[in-house]
Amino acid sequence: MLSKICFVALLSLSLNADARPPAAALPPAPQETTRIAQVVRFDHQAEAVRVDHAPSLNGTLDDSLWQSAKPITDFRQREPHEGDPATEKTEVRILYTRTAVYFGIHFYDSEPSRIAATELRRDASQDLDDHFEVLIDSNNDSRDAYLFEVNPLGTQSDGLIVDEFGARGTASPEDLDFDSGWDGVWTSETRITSDGWTATIEIPFSTLNFTQSKDVVWGLNFKRFIRRKNEQDLWSAYRRAFGIVKVSQAGKLVGITNIGSGRLFVVKPYALGGFDKQTGTNVKALHTGGLDIKYGLSSKLVLNLTGNTDFADTEVDLEQFNLTPFKIFIPEKRQFFLENAGIFDFDIGDRDQLFFSRQIGIDPVTGQQVPVNGGAKLTGSLGGFQLGLLDVDTRSNGPNPYGNYGVVRVKHPLFGSSYIGVMGIDKRSGNPLDSYNQTGGIDTRLVLPKDFFVDAHIAATRSPGSPPGSTDAGAALSYRSDLLEGTIERRRIGPHFNPEVGFIEQTDINESYADINLKPRPKINGLRELQFESFITHSPDTHNNVQTQEWQGTFRAFLNNGAFTDSDIVDVFTQRITTPLQIYKNIFIPVGVYHFTRHQLTAYSPQDRRFTYDMYERFGSYYGGRLNQLRVRANYRPNAKLSFSASQVWNRFRLPEGNFSIDLASLQTNYSFNRFLTFTSIIQLDTANTQAVSANLRLRYNYRPDSYLYIIYNVGMQFASLAAANPPQIRETRFAVKYTYSFSPEFRRSPASAKQVASD
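Note that the coordinates shown come from a computational prediction; the quantities given were computed from them, not determined experimentally.

## Examining the overall build of the protein chain
Regarding its fold elements, the protein chain presents 3 helices and 39 strands. Relative to a compact globule of 760 residues, whose C-alpha radius of gyration would be 27 Å, the protein chain shows 26 Å and is just as compact. Overall, the C-alpha framework of the protein chain stretches about 80 × 60 × 50 Å when taken along its three principal axes. Classification of the 760 residues of the protein chain by burial places 55% in the buried group. Within the protein chain, contacts between residues at least 6 apart in sequence are counted, and of these 59% link residues at least 24 apart. Taken as a whole, the protein chain presents about 31,600 Å² of accessible surface, with 57% of it coming from carbon and sulfur. One finds the centroid of the 79 positive side-chain charges in the protein chain at a distance of 2 Å from the centroid of its 86 negative side-chain charges.

As structure tokens, then:
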């Protein structure tokens, strides 16, 4: 297989790759006794100070070592007033030893009693808290970076930025700053003080896969978020059109020299025991184990290996009811596939993906898990190319035959954050009627002057007896500025385009799409921004027959306290149903062309409160009848240890074929004994199912860095179906105890970290 051949060849090349050549343009390394290395200047430049031993990492800056570093203080607002000085002072000091870099930060605050600090769970969203982010572009390539986030309780979150884009391959300011699938080993401690809060952070060079180097230059940036003011302060890249994801606009860190750190090397075995019972089967004992390995082949290339992979600790999907004749997109949550996943992104429009890892190891119709024998993943850069290689093998399970999945992704950087890339996907299956499926594609992103950029792709698939019409081609021209955003797109998908390891909502379309969004900021007290957006999509099939049309007009208003409204004034659809759509039990929507109009009113409460809520009402016609939807969501955090999240959706159908109602509800409770021991429960209700109630209870103990003990009880389904028409789901009862232990020779748990585990 092509992916395996490329994998072996690149692996052998990587083993001989140099860790990192010295920067030729920089002066010779100074002597070890020099406290600060002076090198070339940049517009935003920070200098790291060499120290003989690690500073105290107790969350305070009392250690005199911190005073040897010059503080970074020039933070400016991205929100609400672009370019203005930050309203609260921030000081960042940077030290390093031979094996790690250290950040000591003082966040001055004129109202320390109003600092928001409520989240103790690692990798949970910190949007409702004050928080601070550190960006490190350790390859200094102005494209990719690590990002580390901490709140006033010391709670950690981390991830990657790939090609200057955050979560799900988009740089929209409303989306996450980073792709949170990557987890690093680092320590953080914080203290809330009488004049604000302070933090100390240690990041081992091995966590950054950063080996011996001299005269280091890193890309570096910082972002502080003050929740009660809804204020974003950045050291660099503080334009609203940029943000911290704009790695090319980051500042520079100089002064690090003559460091020595072993390669990234983590060995993480697991053991699992328990029982499992599925509908119509007997109770089955669970007793298994497996292994994950992470190894830095070079400073720019990481190998992940997994054997007998288990996903018992993965969060359950929230149940959905599909109102359309199309598939549902549900994001990937499994750690092996999430880590360094950005390199495999091949966006082909909206949520469509040429490669979608949820097609591996999960039955897309039933949601049942398919056992994974093992896999290998190589990600990083080599010879001026970004590359991702993946090979995963699954074994037969029930109706699912064995499968092997090989993926090759190569991207060549162009000017700015532009690139051109190729992808190849090969699926082999034990199903004699579908023994293989192959997908190939070429894509590009061209970042042009004046805030324009172009995305284009062409892809094709091949299966046994593939007929003509197995291609997908499209291009989009986009513009983004503070005042205006717009996109024009053309795309043609053949009727037999079938990427079985991808996600395609709809085939056989000849789509034209246009979107414009005007974003003025009138000077009205309490108001931050208004948005007036409208889009139109016209998607006949490839024979020019009416298939899908939609026109929407949306109004949004964002307030300074985080409250906002997002209302669709009008949403006009034309939809052809080509086969009867089973929407619920014996209710089928007949074949035909339907015209209907819907409306939506949405309101979100201020986000600087312990109690937050949002609600929407969608109403209007729907496939010859009417559908009213009301959703209410609420979050309550009475203190830092306890939080509740509840949601209720009422769907009221009034159709010529019959009247019925579907209710979806969920209640999530989180209790954090401390940062390292957390309990989570999710209770869900779906009246579309005969057994309407499901539950997931999970206790997680982070007993040492990157090592966990999980106790999990699940009734219902862990993974939801992607299919249209809401197929019946198989119910299971599962109890599992999973133990993982991470070996990493380069990581030393700091005394502060050990004390925190013992005392929190």
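After that view of the structure, there is still more to cover.
## A short note on empty space enclosed by the protein
Think of a ball as big as a water molecule: rolled over the atoms, this probe shows where empty space is left. Evaluation of the coordinates by the stated rule reveals 7 cavities of 30 Å³ or more. Lining the largest cavity are 30 residues, and of these Asp144, Tyr146, Leu160, Asn340 and Gly380 lie nearest its centre. Counting only elements with at least two residues in the lining of the largest cavity, the list comes to strand 6 (131-137), strand 7 (145-150), strand 8 (156-161), strand 16 (301-309), strand 17 (372-382) and strand 18 (385-394). Partitioned by chemical class, the residues of the lining of the largest cavity number 13 nonpolar, 11 polar and 6 charged.

## What to know about the layout of surface pockets
Counted as a void, the second largest pocket has a volume near 1,100 Å³. Taken together, 42 residues form the lining of the second largest pocket, with Lys327, Pro364, Val365, Asn498 and Ile504 sitting closest to its centre. Secondary-structure elements contributing two or more residues to the lining of the second largest pocket are strand 19 (403-413), strand 20 (419-429) and strand 28 (564-577). Sorting elements by how many residues they give to the lining of the second largest pocket places strand 28 first, with 3 residues. Among the residues forming the lining of the second largest pocket, the class breakdown is 19 nonpolar, 15 polar and 8 charged.

## Describing the sheet that holds strand 9 (residues 187-193)
Spatially, the 5 strands line up as an open sheet ordered 2-4-5-10-9, and their pairing is mixed. Each of the sheet's edge strands pairs with one partner strand only, and the pair in question is strand 2 (49-50) and strand 9. Looking at chain direction, strand 5 (residues 100-108) and strand 10 (residues 196-204) are connected through 9 bridges and run antiparallel. What sits directly across from His106, in strand 10, is Thr198.

## Examining a nonpolar patch on the surface
Taken together, the side chains of Leu414, Phe415, Ile420, Val422, Ile442, Leu448, Phe452, Ile458 and Leu477 make up a nonpolar region of the molecular surface, amounting to roughly 740 Å² of accessible area. Among the secondary structure elements, those contributing two or more residues to the nonpolar patch are strand 20, strand 21 (436-448) and strand 22 (452-462). On the accessibility criterion, Leu448 (33% relative accessible area) is partly exposed.

## A word on unusual backbone geometry
A cis amide bond links Glu79 with the next residue in sequence, Pro80, at an omega value of 0°. Position of Pro80 relative to the elements: it lies in the loop between strand 3 (76-79) and strand 4 (90-96). If you check the backbone angles, Asn230 has positive phi at about 50° while not being a glycine. Along the chain, Asn230 turns up in the loop between strand 11 (218-226) and strand 12 (231-234).

## Quick word on the confidence of the model for the protein chain
A residue-level look at the protein chain finds 90% of positions with pLDDT of 70 or above and a mean pLDDT of 88. Low pLDDT, under 50, characterises residues 1-41; the predicted model gives this stretch 77 contacts beyond four residues in sequence or across chains. Overall, residues 749-760 carries pLDDT values under 50, and its contacts beyond four positions in sequence, including any with other chains, amount to 23 contacts.

## Considerations on the pattern of salt bridges
The full count for this structure, using the stated rule, is 48 salt bridges. Notably, a salt bridge pairs Lys519 with Glu485, separated by 3.0 Å at the nearest N-O pair. Linking Lys519 in the loop between strand 25 (509-518) and strand 26 (527-539) with Glu485 in strand 24 (residues 484-493), this pair joins segments that are 34 residues apart in sequence. What makes Lys519 buried here is its relative accessible area of 10%. Since its relative accessible area comes to 18%, Glu485 is described here as buried. Two residues, Arg631 and Asp614, come together in a salt bridge whose shortest N-O distance is 3.0 Å. Here the residue Arg631 occupies a position in strand 33 (residues 625-636), and Asp614 occupies one in strand 32 (residues 611-622), the gap between them amounting to 17 residues. Under the relative-accessibility criterion, Asp614 is labelled buried at 5%. Each of Glu88, Asp109, Glu111, Arg114, Arg224, Arg228 and Lys229 takes part in salt bridges that share partners, so that together they form one network.

## Notes on the packing of aromatic side chains
As enumerated under the stated definition, the model contains 42 aromatic pairs in all. Relative to Tyr295, the ring of Phe265 lies with its centre 5.6 Å away and its plane at 90°, an arrangement referred to as edge-to-face. Pair noted here: Phe265 is in strand 14 (residues 265-278) and Tyr295 is in strand 15 (residues 284-298), with a separation of 30 residues, a long-range link. Since its relative accessible area comes to 35%, Phe265 is described here as partly exposed. The exposure class assigned to Tyr295 is partly exposed, which follows from its relative accessible area of 28%.

## Focus: the environment of Ala100
Relative to the helices and strands, Ala100 is located in strand 5. Accessibility expressed as a relative area gives 1% for Ala100, which makes it buried. Sequence spacing of Ala100 and Thr687 is 587 residues, and the spatial spacing of their C-alpha atoms is 53 Å.

## What about the pairing of strand 26?
Taken together, the 7 bridges between strand 25 and strand 26 define a ladder with antiparallel strand orientation. Bridge pairing in strand 26 places Ile516 opposite Ser534. When strand 26 meets strand 27 (residues 548-559), the two strands line up antiparallel, connected through 12 bridges. The residue of strand 27 that forms the bridge with Thr537 is Glu550.

## Concerning the nonpolar core
The biggest cluster of nonpolar side chains holds 36 residues, and the ones touching the most others in it are Ile94, Phe103, Phe132, Trp218, Leu220 and Phe222. If you look at the next biggest cluster of nonpolar residues, it comprises 23 residues, including Ile343, Leu354, Phe355 and Val392.

## Considerations on the side chain of Arg224
Inspection of the secondary structure assignment puts Arg224 in strand 11. Judged by relative accessible area, which is 0%, Arg224 ranks as buried. Engagement of the side chain of Arg224 in a polar contact is seen with the side chain of Thr90, the distance being 2.9 Å. Those residues in contact with Arg224 that lie beyond four places of it in its chain are Glu88, Lys89, Thr90, Phe107, Tyr108, Asp109, His131, Phe132, Trp197, Glu231, Gln232 and Asp233.

Parameters at a glance
Residues numbered from 1 in each chain as written. Predicted model: local features only at pLDDT ≥ 70, side-chain atom pairs only at ≥ 80, totals over all residues. Heavy atoms only, no water. Helix = DSSP H or I, 4+ residues; strand = E, 2+ residues; numbered from the N terminus. Rg over C-alpha atoms; globule rule 2.2 N^0.38 Å. Buried < 20%, exposed > 50% of the residue type's maximum accessible area, 1.4 Å probe, protein only. Contact = heavy atoms within 4.5 Å. Areas by Shrake-Rupley, 256 points an atom, 1.4 Å probe, with all protein chains shown as cover. Lys, Arg positive; Asp, Glu negative; His and termini not counted. Charge placed at Lys NZ, Arg CZ, Asp CG, Glu CD. 1 Å grid on protein atoms, 1.4 Å probe; cavity = no way out; pocket = protein on both sides within 12 Å on 5 of 7 lines; lining within 4 Å. Points joined across faces, edges and corners; volume = space filled by probe spheres on them. Nonpolar A, V, L, I, M, F, W, Y, C, P; charged D, E, K, R; others polar. Pairing = 2+ DSSP bridges. Patch = residues over 30% accessible without salt bridge, like charges linked within 9 Å, V, L, I, M, F, W, Y side chains within 5 Å. Salt bridge = Lys/Arg side-chain N within 4 Å of Asp/Glu carboxyl O. pLDDT = per-residue confidence, 0-100. Phe/Tyr/Trp six-rings, centres within 6.5 Å; stacked < 30°, edge-to-face > 60°. Core = buried A, V, L, I, M, F, W, Y, C linked by side-chain atoms within 4.5 Å. Polar contact = N/O pair within 3.5 Å; in protein donor to acceptor, adjacent residues only side chain to side chain.

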